[in-house]
Amino acid sequence: MALLEILEYPDPRLRKIAAPVEQVTPEIQTLIDDMFETMYDAPGIGLAATQVDQHIQLIVMDLSEDKSEPHVFINPEVTVLEGDPEKMQEGCLSVPGYYEDVERIEHVLIKALNREGEAFELEATGLLAVCIQHEMDHLNGKLFIDYLSKLKRTRIKKKLEKQQKAQASAS
Ligand code: K1U
Ligand code: ZN
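All residue numbers refer to position in the chain's written sequence, counted from 1. Note on labels: chains are lettered from A, ligands numbered from 1, in written order. Reporting of local features is limited, given that this is a predicted model, to residues whose pLDDT is at least 70; pairs of side-chain atoms are given and counted only at 80 or more, and all residues count toward the totals for whole chains, interfaces and linings. As a convention, hydrogens and water are excluded, and side-chain values are obtained from all of the structure's heavy atoms.

Looking at this structure, how should I read the packing of aromatic side chains?
Within a pair of aromatic rings, the relevant descriptors are the distance that separates the centres and the angle that separates the planes. Working definition: a ring pair exists when centres of Phe, Tyr or Trp rings (six-membered ring for Trp) sit within 6.5 Å. Plane angles under 30 degrees give stacked, over 60 give edge-to-face, the rest tilted. Summed over the entire model, instances satisfying the criterion amount to 2 aromatic pairs. Aromatic pair phenylalanine 36 and tyrosine 40: ring centres 5.9 Å apart, planes at 20°, arrangement stacked. Here phenylalanine 36 pairs with tyrosine 40, and both are found in helix 1 (residues 26-41), just 4 residues apart, close to one helical turn. Buried, partly exposed and exposed residues are distinguished by accessible area as a fraction of the type maximum, computed with a 1.4 Å probe on protein chains only: under 20%, between the cut-offs, and over 50%, respectively. With relative accessibility at 10%, the residue phenylalanine 36 sits in the buried group. When the centroid spacing of 5.8 Å and the interplanar angle of 35° are considered together, the rings of phenylalanine 73 and phenylalanine 120 count as tilted. Highlighted residues: phenylalanine 73 in strand 3 (residues 71-90) and phenylalanine 120 in strand 5 (residues 119-125), separated in sequence by 47 residues. Numbering goes from the N terminus for both helices and strands, where a helix is a DSSP run of H or I of at least four residues and a strand is a run of E of at least two.

This is how it looks when you write it as structure tokens:
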């Protein structure tokens, strides 16, 4: 397995739209394994293929504390089950160090393919529902900071660009 580089805002590759996976090949399964390793190492609870510069509809997630509940979502589709949006704090491995409240749908139905390419459905509420919506946004080139004010987003962008420049000149 391999650790993959996680793209950081404002990298323009985070804005690419992911294409559907046509077939779950051994190469896709290797990418899934590498994404889990990268997500656990970060550490994080979710990772979209977009974040590792792979522009296909693939998400990995694990909300457990002991890596015991790995979820793979290939070509995910989300349907709203209860419309009332709820605010919850979100973070993002591509926007390191920032946590902000975002409104998301509270109860959703997810339809996707698993690691073996088999179709499944999952009802999600709470953090699972928030995380899947956050990761689906990544596949559509959207980041959680896009829901914030332009002023906040500009501040975050400037701070991250400064950090990235400092890291680049140190290495
Ligand atoms: O998509 C990502 O960048 C991953 C992101 C997922 C997410 C977290 C919270 C709300 C919505 C989506 C993260 O995993 S940020 C890191 C994080 O939340 C965390 C890290 C270690 C332990 C527990 C949580
Ligand atoms: Zn994210």
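What exactly am I supposed to notice about the sheet that holds strand 4 (residues 100-113) here?
In a beta sheet, neighbouring strands are held together by backbone hydrogen bonds and run either parallel or antiparallel to one another. Spatially, the 5 strands line up as an open sheet ordered 1-2-3-4-5, and their pairing is antiparallel. Pairing within the sheet leaves two strands with one partner each, and these edge strands are strand 1 (46-48) and strand 5. On average, each strand axis in the sheet is inclined to that of its neighbour by 35°, with strand direction left out of account. When DSSP finds two or more bridges between a pair of strands, those strands are recorded as paired. Fitting a line to C-alpha atoms yields each axis, with helices limited to the stretch in contact; the angle taken between N-to-C directions then spans 0 to 180 degrees.

Which parts of the structure should I look at to understand the pattern of salt bridges?
Any two side chains of opposite charge can pair, given that their charged atoms come close. Salt bridges are defined by distance alone: a side-chain nitrogen of Lys or Arg within 4 Å of a carboxyl oxygen of Asp or Glu. All chains considered together, the criterion is met by 9 salt bridges. The salt bridge involving arginine 13 is made with aspartate 11; its shortest N-O contact spans 2.7 Å. Among the residues examined, arginine 13 registers a relative accessible area of 32% and is labelled partly exposed. For aspartate 11, a relative accessible area of 17% translates into the label buried. Connected through salt bridges with shared partners, the residues Asp11, Arg13 and Asp53 form a single ionic network.

Looking at this model, I keep getting lost on a nonpolar patch on the surface. Mind explaining?
The patches described consist of residues with a relative accessible area above 30% and no salt bridge, like charges being joined within 9 Å and nonpolar side chains (Val, Leu, Ile, Met, Phe, Trp, Tyr) within 5 Å. Here, Shrake-Rupley sampling with a 1.4 Å probe gives the accessible areas, and only protein chains in the shown set may cover a residue. A surface patch of nonpolar side chains, about 210 Å² in accessible area, is lined by Ile45, Met88 and Leu127. Mapped onto the elements, isoleucine 45 comes out in the loop between helix 1 and strand 1. In this structure isoleucine 45 comes out as partly exposed when scored by relative accessible area, which is 35%.

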